[in-house]
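Structural characterization, general
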Amino acid sequence: MSSEQEKKIAAIESVALVENGMLVGLGSGSTAVFMIQKLGEEVAKGLSIKGVPSSIATAKLAREVGIPLVSLEDAMTLDINIDGADEFDPSMQLIKGGGGALLREKIVAHNSKYNVIIANSTKKVEKLGKFKLPIETIPFATKNIMAELDQVGLKPKLRSVKGIPYKTDENNLIVDLDIWEWDDIPRLNEILLKIPGLVETGLFLDSTDLILVGKGDSVIKIEK
């Protein structure tokens, strides 16, 4: 089965966890698209929920498929959050942010009672870091941050699209780091978050309650 089909079956499985009356965090990225589309189908059949989108793109799609939306400040605490990941390891630690929405994704995850990650089988790794780690930085500080991280061997690269620096929904920048040589990932996260102007990292280390992995034509559940 293709990786896209694996994403789809994991996404469909996750929607079965959503119940009437729930406030639902809506993740971003290619796997989350399948989940949002399926959730829209269930809303059309009578499922009563409200969604909190983690990106402008997600909000647009959710509206298109008929999911009622509410702001995070109005929702405050969400019942469930469903999102994708770029990598996850055996400890359920994640790298996220390949799509550039890591800051809002982390905020939504932090404000959710139950966090579900949906992924295809290629996202499972023994060690984080083959996928470059995204960090979100304030433009004013980005060049200095990159120089500092270059000195410790993280090989920072400013993310751009067609030669233009990529801007997040918060009008910040994304810098991708090579963390393959780092074994103590929690320590690395601490170091990064102490740098002024570095807003957030794509390391989601202890927020996940359940991972649904599409593998072939079945879904594997990994729980805390």
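Whatever comes next refers back to the structure up there.
The present account deals with the structure reproduced in this document. Note that this is a predicted model, so its numbers are computed, not measured.

**Observations regarding the overall build of the chain**
Each helix and strand counted, the chain has 7 helices and 15 strands in total. Relative to the globule expectation of 17 Å for 224 residues, the C-alpha radius of gyration of the chain, 17 Å, shows essentially globular dimensions. For the C-alpha atoms alone, the extent of the chain along its principal axes is close to 55 × 35 × 35 Å. Long-range pairs, those at least 24 residues apart, make up 73% of the contacts in the chain with a sequence separation of at least 6. Total accessible area on the chain stands at roughly 10900 Å², and carbon and sulfur atoms take up 52% of it.

**Some points on the side chain of glutamate 105**
If you trace the backbone, glutamate 105 turns up in helix α5 (residues 102-110). We classify glutamate 105 as buried; its relative accessible area is 5%. Reaching out from glutamate 105, the side chain makes a polar contact with the side chain of lysine 96 at a distance of 3.2 Å. What glutamate 105 contacts, discounting residues up to four positions off in sequence, is Ser28, Ser54, Asp83, Lys96, Gly97 and Phe204.

**What to know about the layout of surface pockets**
Reported here for the largest pocket is a volume of approximately 310 Å³. If you trace the largest pocket, you find 21 residues lining it, with Ser28, Gly29, Ser30, Gly99 and Glu105 closest to the centre. For the lining of the largest pocket, the element with the most residues is helix α2 (residues 30-44), which contributes 3 residues. The calculated volume of the second largest pocket comes to roughly 160 Å³. Every residue lining the second largest pocket is listed: Lys106, Ala109, His110, Asn115, Asn189, Leu193, Glu200, Leu203, Phe204, Leu205, Asp206 and Ser207. When contributions to the lining of the second largest pocket are tallied by element, the ones reaching two or more residues are α5, α7 (185-193) and β13 (203-204).

**Some points on the sheet that holds strand β15 (residues 218-223)**
The strand order across the open sheet built from 6 strands is β2-β1-β3-β6-β14-β15, with neighbouring strands paired in mixed fashion. Edge positions in the open sheet fall to β2 (50-53) and β15, since each of these has one partner strand only. Taking each pair of neighbouring strands and ignoring which way they run, the sheet shows an average axis angle of 20°. Bridge count between strand β14 (residues 210-215) and β15: 6 bridges; the pairing is antiparallel. Bridge pairing in β15 places lysine 215 opposite serine 218.

**Describing the packing of aromatic side chains**
The full count for this structure, using the stated rule, is 0 aromatic pairs. Cation over ring: lysine 96 sits above phenylalanine 204, and NZ or CZ is 5.4 Å from the ring centre. Over the ring of tyrosine 166 we find arginine 159; its NZ or CZ atom is 5.9 Å from the centre of that ring.

**With respect to the pattern of salt bridges**
Summed over the entire model, instances satisfying the criterion amount to 15 salt bridges. A salt bridge links glutamate 42 to lysine 38, with the nearest nitrogen and oxygen atoms 3.3 Å apart. Highlighted residues: glutamate 42 and lysine 38, both in helix α2, separated by 4 residues, approximately one helical turn. Overall, the relative accessible area of 22% leaves glutamate 42 in the partly exposed class.

**Things to note about the sheet that holds strand β11 (residues 173-177)**
Spatial ordering of the open sheet is given by β8-β11-β7-β12, a layout of 4 strands whose pairing is antiparallel. Where the open sheet ends on each side, the last strands, each with one partner, are β8 (157-158) and β12 (198-201). By the bridge criterion, 2 bridges tie β8 to β11 in an arrangement that is antiparallel. Across the sheet, residue leucine 158 finds its bridge partner in β11, namely valine 175. This element, α7, spans β7 (133-137), β11 and β12 of the sheet and lies at about 160° to β12.

**Quick word on helix α3 (residues 56-64)**
Every buried residue of α3 is accounted for by Thr58, Ala59, Leu61 and Ala62. Projected onto a plane normal to the axis of α3, the buried residues spread over an arc of 165° and lie on a single side. What points out from α3, more than 90 degrees from its buried face, is the exposed set Ala57, Lys60, Arg63 and Glu64. Against β1 (23-26), α2 and β2 lie the buried residues of α3. Downstream of α3 by one or two residues, glycine 66 has phi in the positive range, about 85°.

Reading the values: the criteria
Residues numbered from 1 in each chain as written. Predicted model: local features only at pLDDT ≥ 70, side-chain atom pairs only at ≥ 80, totals over all residues. Heavy atoms only, no water. Helix = DSSP H or I, 4+ residues; strand = E, 2+ residues; numbered from the N terminus. Rg over C-alpha atoms; globule rule 2.2 N^0.38 Å. Contact = heavy atoms within 4.5 Å. Areas by Shrake-Rupley, 256 points an atom, 1.4 Å probe, with all protein chains shown as cover. Buried < 20%, exposed > 50% of the residue type's maximum accessible area, 1.4 Å probe, protein only. Polar contact = N/O pair within 3.5 Å; in protein donor to acceptor, adjacent residues only side chain to side chain. 1 Å grid on protein atoms, 1.4 Å probe; cavity = no way out; pocket = protein on both sides within 12 Å on 5 of 7 lines; lining within 4 Å. Points joined across faces, edges and corners; volume = space filled by probe spheres on them. Pairing = 2+ DSSP bridges. Axes fitted to C-alpha atoms, helices over the stretch in contact; angles between N-to-C directions. Phe/Tyr/Trp six-rings, centres within 6.5 Å; stacked < 30°, edge-to-face > 60°. Lys NZ or Arg CZ within 6 Å of the ring centre and 35° of its normal. Salt bridge = Lys/Arg side-chain N within 4 Å of Asp/Glu carboxyl O. Arc of directions from axis to C-beta.

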